[in-house]
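Residue-level listing of the chains:
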Amino acid sequence: MNIKQYNTCFLLRAHSYKINITLCFIMFFSFFVQAQKSKKNVTNDSLEVLMNKSLSLLFDENKIKQSLEYAINMVDYADELDSDYYKSKAYYIMAANYESIADYQSAEKNYKESLKYAKRNGDSLLTAYIYNGLGNISVYLTENKNTGINYYNKSLELGSKFEKYNQHPATINLAWSYLDLNEFDKAYLYLEKSESLLSKVKREDINANCEIQFLKARYFLGKKKIDKVYGHFGEALKIAETNQLNRLSKTIYETRAKMYDSLGDYRKAYKDILAVQKLNLEMKADLIEVTRMNFIIDGYKK
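Residues numbered from 1 in each chain as written. Predicted model: local features only at pLDDT ≥ 70, side-chain atom pairs only at ≥ 80, totals over all residues. Heavy atoms only, no water.

A.B. asks: Could you clarify how one ought to interpret the overall build of the protein in this entry?
C.D. replies: Helix and strand counts for the protein stand at 13 helices and zero strands. When its helices and strands are written in sequence order, the protein yields α-α-α-α-α-α-α-α-α-α-α-α-α. Counting all 302 residues of the protein, 52% fall into the buried class. Surface exposure of the protein reaches about 15000 Å², of which carbon and sulfur atoms provide 50%. (Helix = DSSP H or I, 4+ residues; strand = E, 2+ residues; numbered from the N terminus. Buried < 20%, exposed > 50% of the residue type's maximum accessible area, 1.4 Å probe, protein only. Areas by Shrake-Rupley, 256 points an atom, 1.4 Å probe, with all protein chains shown as cover.)

A.B. asks: Can you help me understand the packing of helix α2 (residues 44–57) against helix α3 (residues 64–81) in this one?
C.D. replies: Contact geometry for α2 and α3: axes closest at 8 Å, N-to-C directions at 155°. The pairing of α2 with α3 is recorded here as roughly antiparallel in orientation. In the crossing of α2 with α3, the sense of the turn from one axis to the other is left-handed. Contact residues: Asn 44, Leu 47, Leu 50, Met 51, Lys 53, Ser 54 and Leu 57 in α2; Gln 66, Ser 67, Tyr 70, Ala 71, Asn 73, Met 74, Tyr 77, Ala 78 and Leu 81 in α3. (Axes fitted to C-alpha atoms, helices over the stretch in contact; angles between N-to-C directions. Parallel < 35°, antiparallel > 145°, perpendicular 65-115°, else oblique. Left-handed = near helix turned anticlockwise from the far one by under 90°. Contact = heavy atoms within 4.5 Å.)

A.B. asks: Which parts of the structure should I look at to understand the pattern of salt bridges?
C.D. replies: Once their charged atoms are close, side chains differing in charge can pair, the charge on each being opposite to the other. Enumeration according to the criterion identifies 13 salt bridges in this entry. Measuring nitrogen to oxygen at the nearest pair gives 3.5 Å for the salt bridge that ties Glu 113 to Lys 116. Highlighted residues: Glu 113 and Lys 116, both in helix α5 (residues 104–121), separated by three residues, approximately one helical turn. A salt bridge links Lys 268 to Asp 265; its shortest N-O distance comes to 3.9 Å. By relative accessible area, Lys 268 is classed as partly exposed at 33%. (Salt bridge = Lys/Arg side-chain N within 4 Å of Asp/Glu carboxyl O.)

A.B. asks: Would you mind going over helix α11 (residues 229–242) with me for this structure?
C.D. replies: Side chains three or four residues apart in an α-helix point the same way, a direct result of the helix having 3.6 residues per turn. In this model, α11 (14 residues) spans 20 Å end to end at C-alpha, consistent with the 20 Å of a helix rising 1.5 Å per residue. For α11, the set of buried residues is Val 229, His 232, Phe 233, Ala 236, Leu 237, Ile 239 and Ala 240. What you see down the axis of α11 is that its buried residues fit within an arc of 165°, all on one side. Residues of α11 that are exposed and angled more than 90 degrees away from the buried face: Lys 238 and Thr 242. A positive backbone phi angle near 55° is found at Gln 244, which sits one or two residues after α11. (Expected span 1.5 Å × (residues − 1). Arc of directions from axis to C-beta.)

So, in structure tokens, the structure goes:
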């Protein structure tokens, strides 16, 4: 799902991997000292630079650690300036990064922190995006599709008041949710709307394009139109693998493996399962790095 948007369906827990605590402490200490030295001249301009750097790396699965580092500095510096504006942005970036690696509990915690400061600052546009994120989290953690749908609609209702609001993430998420509920015709309406909205976005959203292809495959699979399924699965995987969208690739392979299995094509199902196992191994290394960042974040809060 987009994230769901960006945005996926299987929990990967960073705390399940062993970390060398001594090394983490050394890394944290050096990071903390460096931050302390640079905090003397904290300004709105310096926070803006940190925010732009962190945002430029957001949703890049290979640069999550760096994005989190910038966001951690943002929170720390925003505390110095007592800036609710930058606190809300920093916690949102952290939440979105956690969501993208399926650490949904950390994502939920940071989305709620972001929401607190966004409301305090009167930032309705950011609040709309936070509702979209909370919709994803409610689906991942509780599997309550209706709660997620309510959040997505709240996001669209509030966000539609702003010209800068991108409607396609929440719209794609609605399509995803209705597919999960087997309401295929309603899901397809949102898929068509998503494509229309995406065509008007100035900056290409590769993740969204990939999800739309995947969701179309799921739609045609649900409608038993198998001849139309293969092309969309293939296109989704092409986009995901070309752009190293590992978690989306994993979800696509898992879904296609189930399809092959139901069709009795066990050789192809097995091949896709092997691809899933390979992706799982690659993603474990990413989670170890993020666990180290969690250690640093906890240190700052103390």
